[in-house]
Amino acid sequence: MNPRGGTLILQRKEHKCTFCPYTTWHKGNMKCHLLRHTGEKPFGCDVCPKRFASKSDLNRHALIHMRDRL
Ligand SMILES: [Zn+2]
Ligand SMILES: [Zn+2]
């Protein structure tokens, strides 16, 4: 059931990385990906001065400190 009764054709714009062959449809993904090349690391550790480019890297690092406390 489609309440609008029409087919919406979305014009998707492909974002291409200027540094490597990576492409994505999502602008946000590209922004996140570009950090790998620009070296920006927006995710900082609360416990030590280390910084990480992705949240998953930070989460993995945070386990080190949890082990320290135990
Ligand atoms: Zn890239
Ligand atoms: Zn840390």
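The model shown is predicted, which means the values in this text are computed figures rather than measured ones.

Thresholds, definitions, all that
Residues numbered from 1 in each chain as written. Chains lettered and ligands numbered in written order. Predicted model: local features only at pLDDT ≥ 70, side-chain atom pairs only at ≥ 80, totals over all residues. Helix = DSSP H or I, 4+ residues; strand = E, 2+ residues; numbered from the N terminus. Buried ≥ 20, exposed ≤ 12 C-beta atoms within 10 Å, placed from the backbone. UniProt positions renumbered as here; feature names shortened; annotations may be inferred. Expected span 1.5 Å × (residues − 1). pLDDT = per-residue confidence, 0-100.

**A look at the overall build of the chain**
Scanning the chain from N- to C-terminus turns up two helices and four strands. Listed N to C, the secondary structure of the chain is β-β-α-β-β-α in terms of helices and strands. With 70 residues in all, the chain has 0% of them scored as buried.

**Digging into the UniProt feature "domain: C2H2-type" (unreviewed entry) in the chain**
Per the UniProt record, "domain: C2H2-type" (unreviewed entry) is found at residues 15-42 and 43-70. The annotated region residues 15-42 carries 43% helix and 14% strand content, and the separation between its end C-alpha atoms amounts to 21 Å.

**A closer look at the environment of Leu 34**
In this structure, Leu 34 sits in helix H1 (residues 27-38). Here the alpha-carbon distance between Leu 34 and Phe 19, two residues 15 residues apart in the chain, equals 8.3 Å.

**Quick look at the environment of Ser 54**
Considering the arrangement of structural elements, one finds Ser 54 in the loop between strand E4 (51-52) and helix H2 (55-69). Its 15 C-beta neighbours within 10 Å are what place Ser 54 among the partly exposed residues. Between the C-alpha atom of Ser 54 and that of Lys 41, which follows or precedes it by 13 residues, the distance is 7.4 Å.

**Regarding H1**
Taking 1.5 Å per residue as the helical rise, H1 with its 12 residues ought to reach 16 Å, and the 16 Å between its terminal C-alpha atoms agrees with that figure. After H1 finishes, the residue Gly 39 shows a positive phi value of roughly 80 degrees.

**So, the confidence of the model for the chain**
On average, residues of the chain score 83 in pLDDT, and 81% of them are at 70 or above. Within the chain, the lowest mean pLDDT, 86, falls on H1, and the highest, 96, falls on strand E2 (residues 23-24).

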